[in-house]
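Residues per chain are reported as follows:
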Amino acid sequence: MSQAVNPNAPLLSRNMMAVIVAQFFSAFGDNALLFATLAVLKSQLYPDWSQPILQMMFVATYILLAPFVGQMADSFAKGRVMMFANSLKLLGALIICFGFNPFLGYTLVGIGAASYSPAKYGILTEITSGERLVKANGLMESSTIAAILLGSVAGGILADWNLLAGLIVCALTYALAVVANIFIPKLRAARPGQSWKFGAMFRSFADSGLLLWRNGETRFSLLGTSMFWGAGVTLRFLLVLWVPVALGITDNKTPTTLNAMVAIGIVMGAAAAAKLVTLETVRRCMPAGILIGVMVVVFSLQTSLLNAYLVLMLIGALGGFFVVPLNALLQERGKDSVGAGNAIAVQNFGENIAMLVMLGLYTIAIKLGAPAVATGIGFGAIFTVAIAVLWWKSRR
């Protein structure tokens, strides 16, 4: 039986903690599995350019399913949608674990992740509201980044130690996420009774996208988060090739620990955003966005591991301060206009198109033999200019 939840409940309520714990295990599995699967590709002698292709297949699921997963999140209890999505992730991890095609297994994990995202963010608007929503997003991002930190490092270390053991740990983590979802209360569906015909769902998604795009605040959020995650996923793969070139290190652990530094920084930035930025002052985050690109250029020129750690931590802090308020803005404005689930689905659509485009450009650069350092400088410069233009247009 569905329950009603008081949106004015304390931030650290039982319901919120259940969501945060479930998110932690799910995100831990996502990040550990990525690096374990990259190690599988290396062990099976796949070419370097196949690594971003793996992520592109994952990203493509978000784009293809975007017209449907938002409605699914709003048509059913979001906690149960999260459980279903984590079960799909578990199945994908088991496919890789048992030696089947890693691209197939990771694509299934992508389907689970695409289904999971609108529900995990949309449920925040159902268990809290107002200015607490920014803080709730900060908690969600902090949980996610802690999972990225631990999952990335665990994936790299376990892959170096025993690849099969690493894959088994990923599967077990998804199983824990499924169990954690049981403790999320079965809330009322936000928008039950919508049509499940393909044409009607596609039109509904398109209408939601147009409505959000026409609103200046939500358009601002959509563009900002899309550019951020497009650059972020490219940086993750850049690290895998940059480390052996710039530092002369060829293990699986070092790229994951560098990613962990970004995660630590994002926790710090998210905490700062929760204290310093409100929905009314959200544009305060834009200078941090511009500095992300500048620091990516600075990072690409480093030759010391210690300096690389420090610069990546700063990039993460700038990123957390930039993206958390934009997420909260979209959820709050989108909740009443198109539904929180649909708003997040539209956001995922834009973010993953940006990821697909930037990963495609990155793959082309690698296939053409572009040096990792030059590629990093180029992406950093592009990001800086793009965010600066967005900020300038938002102030007109």
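Values in this document were obtained by computation on a predicted structure and should not be read as measured data.

(A) Seen up close, the overall build of the chain. In terms of helices and strands, the chain carries 14 helices and zero strands. In the chain, the order of α-helices and β-strands from amino to carboxyl end is α-α-α-α-α-α-α-α-α-α-α-α-α-α. Each of the 396 residues in the chain was classed as buried or not, and the buried ones make up 58%. Partitioning the contacts of the chain with sequence separation of at least 6, the portion at a separation of at least 24 is 86%. Accessible surface for the chain amounts to roughly 15700 Å². Of this, 70% is attributable to carbon and sulfur atoms.

(B) Expanded view of the layout of surface pockets. There is about 330 Å³ of room inside the largest pocket. Lining the largest pocket are 21 residues, and of these Lys42, Gln51, Val240, Leu241 and Pro244 lie nearest its centre. Among the elements of the structure, helix H1 (14-43) and helix H9 (216-246) are those that each provide at least two residues to the lining of the largest pocket. By residue number, the principal contributor to the lining of the largest pocket is H9, which donates five residues. Here the lining of the largest pocket is built from residues that sort into 15 nonpolar, three polar and three charged. Its volume calculated, the second largest pocket comes out at about 220 Å³. Along its surface, the second largest pocket is lined by Phe205, Ala206, Gly209, Trp213, Leu222, Leu223, Ser226, Met227, Val346, Phe349 and Gly350. Elements that contribute at least two residues to the lining of the second largest pocket include exactly helix H8 (198-214), H9 and helix H13 (340-367).

(C) Region of the structure containing the packing of aromatic side chains. Counted under the stated rule, the structure contains four aromatic pairs. An angle of 70° between the planes, with centres 5.7 Å apart, marks the rings of Phe24 and Phe25 as edge-to-face. Its relative accessible area of 21% is what places Phe24 among the partly exposed residues. According to the relative accessible area criterion, Phe25 is partly exposed, its value standing at 24%.

(D) Region of interest: the state of the cysteines. This model, assessed by the stated rule, comprises zero disulfides. The cysteine Cys97 is free of any disulfide, with Cys170 supplying the nearest cysteine sulfur at 8.0 Å.

(E) Spatial organisation of helix H11 (residues 286-300). For H11, spanning 15 residues, the distance from its first C-alpha to its last is 22 Å, which sits close to the expected 21 Å at 1.5 Å a residue. Those residues of H11 not exposed but buried are Met286, Ala288, Gly289, Ile290, Ile292, Gly293, Met295, Val296, Phe299 and Ser300.

(F) Highlighting the nonpolar core. Among the nonpolar cores identified, the biggest contains 86 residues, and Leu33, Trp242, Phe299, Leu312 and Ile315 are the most heavily contacted of them. Here this core gets 14 residues from one element, more than from any other, and that element is H9. Setting aside its immediate chain neighbours within four residues, Ile315 contacts Leu235, Ile292, Met295, Val296 and Phe299. With 18 residues, the next largest nonpolar core counts Val19, Met82, Leu124 and Met140 among its residues.

(G) Structural context of the pattern of salt bridges. Evaluated as defined, the whole model comprises one salt bridge. The salt bridge involving Lys89 is made with Asp30; its shortest N-O contact spans 3.0 Å. A residue pair is termed long-range when its members are at least 10 positions apart, and Lys89 in helix H3 (residues 78-97) and Asp30 in helix H1 qualify at 59 residues. Owing to a relative accessible area of 1%, Lys89 belongs among the buried residues under this scheme. For Asp30, a relative accessible area of 19% corresponds to the buried category.

Conventions we followed
Counting starts from 1 at the beginning of each chain's written sequence and moves along it residue by residue. Where local features are concerned, this predicted model is filtered to residues with pLDDT of at least 70; where side-chain atom pairs are given and counted, the filter is 80 or more; whole-chain, interface and lining totals use all residues. Note that the side-chain values use all heavy atoms of the structure and ignore hydrogens as well as water. In DSSP terms, a helix is any run of H or I states spanning at least four residues, a strand is any run of E spanning at least two, and both are numbered starting from the N terminus. Relative accessibility under 20% of the residue-type maximum defines a buried residue, over 50% an exposed one, and the middle range a partly exposed one, all with a 1.4 Å probe and only protein chains included. Here a residue-residue contact requires only that any non-hydrogen atoms of the pair lie within 4.5 Å. To measure how exposed things are, a 1.4 Å probe is used in the Shrake-Rupley method; for residues, cover is taken only from the protein chains shown. Using a 1 Å grid laid over the protein atoms alone, points where a 1.4 Å probe fits but cannot get out form a cavity; open sets with protein on both sides within 12 Å along at least 5 of 7 lines form a pocket; any residue with an atom within 4 Å of a point counts as lining. Grid points are joined across faces, edges and corners, and a volume is the space filled by probe spheres set on the points. Gly counts as polar in this scheme, as do all residues outside two lists: the nonpolar Ala, Val, Leu, Ile, Met, Phe, Trp, Tyr, Cys and Pro, and the charged Asp, Glu, Lys and Arg. Note on aromatic pairs: the rings of Phe, Tyr and Trp (six-membered ring only in Trp) are paired at centre separations within 6.5 Å, and the planes decide the class, stacked below 30 degrees, edge-to-face beyond 60, tilted for the rest. A pair of cysteine sulfur atoms is labelled a disulfide when the two atoms are within 2.5 Å. Each helix should span, by expectation, one fewer than its residue count multiplied by 1.5 Å. As used in this record, nonpolar core signifies buried Ala, Val, Leu, Ile, Met, Phe, Trp, Tyr and Cys residues forming a set joined through side-chain atoms within 4.5 Å. Counted as salt bridges are all cases of a side-chain nitrogen of Lys or Arg within 4 Å of a carboxyl oxygen of Asp or Glu.

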